[in-house]
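# What the coordinates show
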Amino acid sequence: MFSMNLPHGVCFLLSRLRLAGFRADVVGGSVRDALLGMTPDDYDITTAATPEETKAVFSDLRVIETGILHGT
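Rules and cut-offs
Residues numbered from 1 in each chain as written. Predicted model: local features only at pLDDT ≥ 70, side-chain atom pairs only at ≥ 80, totals over all residues. Heavy atoms only, no water. Helix = DSSP H or I, 4+ residues; strand = E, 2+ residues; numbered from the N terminus. Buried < 20%, exposed > 50% of the residue type's maximum accessible area, 1.4 Å probe, protein only. Contact = heavy atoms within 4.5 Å. Areas by Shrake-Rupley, 256 points an atom, 1.4 Å probe, with all protein chains shown as cover. Lys, Arg positive; Asp, Glu negative; His and termini not counted. Charge placed at Lys NZ, Arg CZ, Asp CG, Glu CD.

## A short note on the overall build of the protein
Helix and strand counts for the protein come out as three helices and two strands. Each principal axis of the C-alpha distribution contributes one length, and for the protein these read about 35 × 25 × 20 Å. Considering the protein as a whole, with its 72 residues, one finds that 19% of them fall into the buried category. Once local pairs closer than 6 in sequence are excluded, the contacts in the protein between residues at least 24 apart make up 49%. As presented, the protein carries roughly 5,400 Å² of accessible surface, and 56% of it is formed by carbon and sulfur atoms. Both charge centroids of the protein, one from 6 positive and one from 9 negative side chains, sit 3 Å from each other.

Have a look at this one:
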């Protein structure tokens, strides 16, 4: 089984979403880089939560809505 060492911030985001009842996973280039033995520069997270639900989960934090118009 493959596992990644994730930075604290990524673990925090995944945990917060999952505790709120939403599926959340690390995807994209960071997974590719880890599989190739490289340290990822950034991390993409996918979730079943809608943008509105995601904002509610993180309502105690500053949320930058860069993709909100695109549903991300």
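The discussion continues.
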